[in-house]
Amino acid sequence: MITQQLINPQSIAVVGGSNNINKPGGQMVKNILTGGFAGKLYIVNPKETKIQGIKVTPSVHDLPQVDMGVLAVASSFCKEAVDVLVHQKGAKAIIIISSGFSEETPEGGVIEKEIQHICSQAGVSLIGPNCIGLANRYHHSVFTAPVPEFHPNGADLISASGGVALFIMECAIPKGLRFNSIWSVGNASQIGIEAVLEYMDEHFNPEEDSKIKLLYIENIKDPDKLLYHASSLIRKGCKIAAIKSGCSESGMRAASSHTGALASSDSAVEALFRKAGIVRCYSREELATVACVFTLKDIHGKNFAVVTHAGGPAVILTDALSRGGLGVPAYQGKSAEELKSRLLPGSSVSNPIDILGTGSAADLGLAIDYVDQHFPETDAIATIFGSTGLGKISDALEMIRQKSETCTKPVFPILPSIVNSSREVEDFIRAGGVNFSDEVALASAVSRVVNTPKPTAGQIELQGVDIPLIRRTIDRIDENGYLQPSDMQILLKAAGLAMVEECVSTSEEEVLAFARQTGFPVVAKVVGPVHKTDIGGVALNIKTEEHLSLEFRRMMKLPGVRAVMIQPMLKGTELFIGAKYEDRFGHIVLCGLGGIFVEVLGDVASGLAPLEYEEAYSMIRSLRAYKIFKGTRGQKGVNEHQFAEFIVRLSTLLRFATEIKELDLNPLLATEKGIIAVDARIRVEK
């Protein structure tokens, strides 16, 4: 719960305030004072009479009524102080910056729960413990520095870690990023990142509130709440970027199938962010750079113009944009010739547009205007302008600032001279500009923004899926474990998914009869063992009855084999779709190239079921192997729509069969006649 007294208190009591600004309590008082807090400030300290010019109250018992208490005392003293502040002094907000709670000892965890209970029962907001505090336009209740200037059009930063929040500000402020509020939730005993987003969503005012939200997440306690409120804010016009830490390979759980090994917590996070429309970042620098991209005009497309007076950085930027799936189209024709005639001799206009090292601010403005007005294939403009140390670049930076305001397309300033022209760059930032001093960092950030899908509507695609048959099939299954091939066939057909005709039998004659009926060549696979290839349980391209008989007899002798499955031998591009149930998240659906290359290449995209078609297309197009889907080197491509249909229908099946905990369709074969499932593995747990 977040109260108005937490956001805009009329009075604050700092318990543990100090004259020593090298201590948290001292710096907290200093920040509140220098931040221009308009309300009444009280300081509690039994050992001092005056702190930083303010008369001190010796005990919390001696305080008048207050809106908010900020605690900077040892954890052992916090419970009593909170109890007095809440029950006797009418406080409706508590911030505890102290450590020594659940993050350190079980005993500390008990105290933390007791404090949380006191606050929640009384309808009091609790931030922390173990945090740096909260700062916004009304009060600066943090004990760290720097404290940025706060602006309504700045970013809201919500962080699980106070240290990360501080270091994000350290790298963001020099870029020109402004902030509207800083939330450090620490142990999040009561208020976590999801709760802050919930408050911002439910109280969102598009005329007054920040439209940029930056998140540093260590633990997603409530994925549904995060998904709902993040996507709601984005649909209201906000932009959200986030870092989720703790997703390394060492955190993956062991599982018995390909999908289980691949569907780590990282896949769940990726799927959740994709569904919500959150731009995922992996470093503080990347998050700050993406946030700066957010502050500029929206980019509606993927084509960049690069305007520069230095050719080398322009080439580096062009390469980086291309790696991120963005384009730098060549400029030709009448408009290009006109621009060239008006620039210095030797200038290049093919894109990148190089106005030469001797080009003036006027030349720079002319090139930007031409791109904006005469090259409709352009969606954004990157300008690279630095100093050689031979003169000031103030005029050029002012030109970039003006064009950023007047151009119809976003202008991305790359100003690398943060030493030679530090004062000019600082003036540019002070005037409201942002600076991407590194062209590769900009390209990476823009590609993340452009390639992040919009939030979905949350609809379930039901057409062509027989829900009653799915439920009847699941309900009659008595045992946990991997399903029999016949049950898998029923489920996949109920979902409208094509599966290759097959025969499962312990009879050699029955297997031979099936092969005669379908025609050779055929494939033989063991039934029983999970990893068939590991025990020699797969035989391909069997062309004769004699060969089939030999393989059947050999396979029936392998350990754990219950039967042999025969299928026609099909040819096509191998694909993969799988799913894994993750606690709190639901089913994570994965897709990529199939066969053994799923694990070898690790080129897998993830989505959170149920999926819509746009989500499925986004997953497919995010694969590094997407060029194979489009067709390459004379090879026929894959029907992207059919693959997306498989993904969507499978996600609907999972939505109505939550008992399915793991599922593999590997491989799917993309043949000339369409996509068909060749091998399936489904594990249920009731």
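Residues numbered from 1 in each chain as written. Predicted model: local features only at pLDDT ≥ 70, side-chain atom pairs only at ≥ 80, totals over all residues. Heavy atoms only, no water.

J.: Let's hear about the environment of D298: which residues, and what values?
T.: Following the sequence through the fold, D298 ends up in the loop between α10 (284–295) and β15 (304–308). Residue class for D298 comes out partly exposed when judged on its relative accessible area of 41%. For the pair formed by D298 and L356, sequence separation is 58 residues and the distance between their alpha carbons is 29 Å. Setting aside chain neighbours within four positions, we find D298 in contact with K239 and P410. There is a polar contact of 2.4 Å between the side chain of D298 and the side chain of K239. (Helix = DSSP H or I, 4+ residues; strand = E, 2+ residues; numbered from the N terminus. Buried < 20%, exposed > 50% of the residue type's maximum accessible area, 1.4 Å probe, protein only. Contact = heavy atoms within 4.5 Å. Polar contact = N/O pair within 3.5 Å; in protein donor to acceptor, adjacent residues only side chain to side chain.)

J.: Now, about the packing of helix α5 (residues 162–172) against α10: what can you tell me, with residues and values included?
T.: As a packed pair, α5 and α10 sit with axes 9 Å apart at the nearest point and diverge in direction by 55 degrees. Taken as axis vectors, α5 and α10 run oblique relative to one another. Seen along the crossing, α5 lies across α10 with a hand that is right-handed. Here V164, F167, I168, C171 and A172 of α5 lie close against α10, whose contacting residues are R284, E285, L287 and A288. Taken together, the residues that form the contact of α5 with α10 break down as seven nonpolar, no polar and two charged. (Axes fitted to C-alpha atoms, helices over the stretch in contact; angles between N-to-C directions. Parallel < 35°, antiparallel > 145°, perpendicular 65-115°, else oblique. Left-handed = near helix turned anticlockwise from the far one by under 90°. Nonpolar A, V, L, I, M, F, W, Y, C, P; charged D, E, K, R; others polar.)

J.: An account of the packing of aromatic side chains is requested, with residue identities and associated values reported.
T.: In the structure shown here, the tally under the stated rule is five aromatic pairs. Relative to F412, the ring of F304 lies with its centre 5.5 Å away and its plane at 40 degrees, an arrangement referred to as tilted. Of the two residues, F304 is situated in strand β15 and F412 in strand β18 (residues 411–414); the sequence distance between them amounts to 108 residues. With a relative accessible area of 0%, F304 lands in the buried category. (Phe/Tyr/Trp six-rings, centres within 6.5 Å; stacked < 30°, edge-to-face > 60°.)

J.: With reference to specific residues and values, describe the sheet that holds strand β20 (residues 503–505).
T.: Overall, antiparallel pairing links the four strands, which are arranged β20-β23-β21-β22 in an open sheet. A single partner strand is all that each edge strand has here, and the edge strands are β20 and β22 (538–542). Going across the sheet, the axis of each strand differs from the next one's by a mean of 20 degrees, ignoring polarity. In this fold helix α19 (residues 508–518) packs onto β20, β21 (522–527) and β23 (563–568), with an angle of close to 5 degrees to the strand it touches most, β23. (Pairing = 2+ DSSP bridges.)

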